[in-house]
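Topology and contacts: notes
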Amino acid sequence: MVVDVIMGGRTEMVIEAGLPDQILPNREGRARVAVLTQPGATNHATNVARSIRAEGYEVEIIGLPDRDEAKSLDVAASVYETLARFGLGRQDTIVGVGGGSVTDLSGFVAGTWLRGVEVVHVPTTLLAAVDASIGGKTGVNLAGKNLVGVFWHPTRVVVDTTILDDLPGSLLREGLAEALKVGLIGDTDLVELLEAHGAEAPIGEVVRRATAVKSRIVDDDEREQGKRAFLNFGHTIGHAVEFASTLSHGESVGLGMVAAARISQEKDGFSEAERVTAAISDLGIPVEVSGLDRARVKDLLRHDKKRDAKGLRMVLLESIGSPVLRHVDSDEIDIGLAAIKL
Ligand SMILES: NC(=O)c1ccc[n+]([C@@H]2O[C@H](COP(=O)([O-])OP(=O)(O)OC[C@H]3O[C@@H](n4cnc5c(N)ncnc54)[C@H](O)[C@@H]3O)[C@@H](O)[C@H]2O)c1
Ligand SMILES: [Zn+2]
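All of these numbers come straight from a predicted model, not from anything done at the bench.

This next bit is on the overall build of the protein chain. Helices and strands together make up the secondary structure of the protein chain, namely 13 helices and 10 strands. A globule of 342 residues ought to have a C-alpha radius of gyration of about 20 Å, and the protein chain, at 20 Å, matches this closely. Here the C-alpha coordinates of the protein chain stretch approximately 60 × 40 × 35 Å along the principal axes. Within the protein chain, buried positions represent 55% of all 342 residues. Counting contacts in the protein chain only where the partners sit at least 6 residues apart, residues at least 24 apart contribute 73% of the total. For the protein chain, the exposed area adds up to about 14200 Å²; of that, 47% sits on carbon and sulfur atoms.

Right, let's talk about helix α3 (residues 100-112) for a bit. Between its first and last C-alpha, α3 extends 18 Å over 13 residues, near the 18 Å set by a 1.5 Å rise per residue. Along α3, 12 of the 13 residues are buried, which leaves the element largely enclosed by surrounding structure. Turning to α3, its buried residues are Gly100, Ser101, Val102, Thr103, Asp104, Leu105, Ser106, Gly107, Phe108, Val109, Ala110 and Gly111.

Moving on: the pattern of salt bridges. Evaluated as defined, the whole model comprises 26 salt bridges. When the shortest N-O distance is used, the salt bridge between Asp219 and Arg10 registers 3.3 Å. In this pair, Asp219 sits in helix α8 (residues 203-220) while Arg10 sits in the loop between β1 (3-7) and β2 (11-16), placing the two residues 209 residues apart along the sequence. Arg275 is the salt-bridge partner of Glu272, the closest N and O atoms lying 3.0 Å from each other. Of the residues examined, Glu272 reaches a relative accessible area of 25% and is grouped as partly exposed. Among the residues examined, Arg275 registers a relative accessible area of 27% and is labelled partly exposed. Salt bridges here are not isolated pairs; linked through shared partners, they connect Asp187, Asp189, Glu205, Arg208 and Arg209.

By nearness alone, 24 residues border ligand 1, and Asp66, Asp68, Ser101, Thr124 and Thr125 come closest of all. Within the side chain of Thr124, a nitrogen or oxygen atom sits 2.7 Å from a nitrogen atom of ligand 1. The contact in question runs from an oxygen atom of ligand 1 to an N or O atom on the side chain of Lys145, over 3.2 Å. Coverage of ligand 1 by the protein chains reaches 84% of its 880 Å² of free accessible surface. Residue assignment for the shell around ligand 1 shows that the elements contributing at least two residues are α3 and α4 (126-132).

The rules we used
Residues numbered from 1 in each chain as written. Chains lettered and ligands numbered in written order. Predicted model: local features only at pLDDT ≥ 70, side-chain atom pairs only at ≥ 80, totals over all residues. Heavy atoms only, no water. Helix = DSSP H or I, 4+ residues; strand = E, 2+ residues; numbered from the N terminus. Rg over C-alpha atoms; globule rule 2.2 N^0.38 Å. Buried < 20%, exposed > 50% of the residue type's maximum accessible area, 1.4 Å probe, protein only. Contact = heavy atoms within 4.5 Å. Areas by Shrake-Rupley, 256 points an atom, 1.4 Å probe, with all protein chains shown as cover. Expected span 1.5 Å × (residues − 1). Salt bridge = Lys/Arg side-chain N within 4 Å of Asp/Glu carboxyl O. Near = heavy atom within 4 Å. Polar contact = N/O pair within 3.5 Å; in protein donor to acceptor, adjacent residues only side chain to side chain.

In short, the description is geometric, and any link to function would need to be established separately.
Next comes the structure, spelled out in structure tokens:
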């Protein structure tokens, strides 16, 4: 078994082609394991469950609704009911097999059931592998996204790269956009790897590098008092574009990164905005929008929760690998929006 990253002694990353012989870390007294999954990951969950059963545990598979439909208090409540019937106890384990919506809900349920039981993630999307499954943020949506949650770290994350090799293009691009984001704020080698190979980049290496950067940042600043905010690079304008359009999260973040790179050039003399734009484009992600309502995007930005008394705060780049947090004014935002033809 390859153990690549130990995050603050809390999360062990296992990144291999294929599932490891032993999916769960050793744990005294464990008898039962609940495997939570979603429609697009059921086959993988069946394989995970079979392997865990073969280790001698009693396993219950719990199917969740697809995508963000899984991230609700109602779904959490119905999972708690099932856990009660199944008798999942303090020494037992919850395993989330799926995309970020499964890892977010599984982490939330694990962090609250009996005031906290072990959770292990087996991400089946690239976004979940490089982003959602590590860092300990869990949550459900209410009127807004992720309004209710706890910090709860998985003891282990198992990434089977053969699953990620088979992802449909749209899910692949979502994850690559987040991997490039992580590279731009913390790993120039990862940026170069993605530039050299585009959407054909070797997934194992991308996951290894991206999770190492995110782990390092989260270890320093779990509660987002400082550096963790750098992980929001591309997400301020990205979220506004996502809300105002039918574009996916990854596509919107790609556009947000193009805009943020251009604003960085304006404010911090960042000299590689064109390079960033080319890298995003080479991943198959659009770098310009059409048919979007500019006033609506600006209005969404006016209500961004990262706004304080001095205005909107955004992550910008001084150079590739060196992010900074800066207040930006309306004219600077206009320059960023113009860069994506908005
Ligand atoms: N906690 C965090 O730090 C964090 C970070 C980023 C995103 N998130 C959350 O992650 C969620 C998005 O995650 P996501 O993009 O992974 O999507 P998702 O969980 O919504 O899944 C997307 C789709 O992919 C399908 N799917 C899953 N595995 C598949 C596979 N191997 N092949 C084909 N289809 C598959 C699913 O059934 C679903 O239809 C959001 O809720 C977001 O808030 C959390
Ligand atoms: Zn994101």
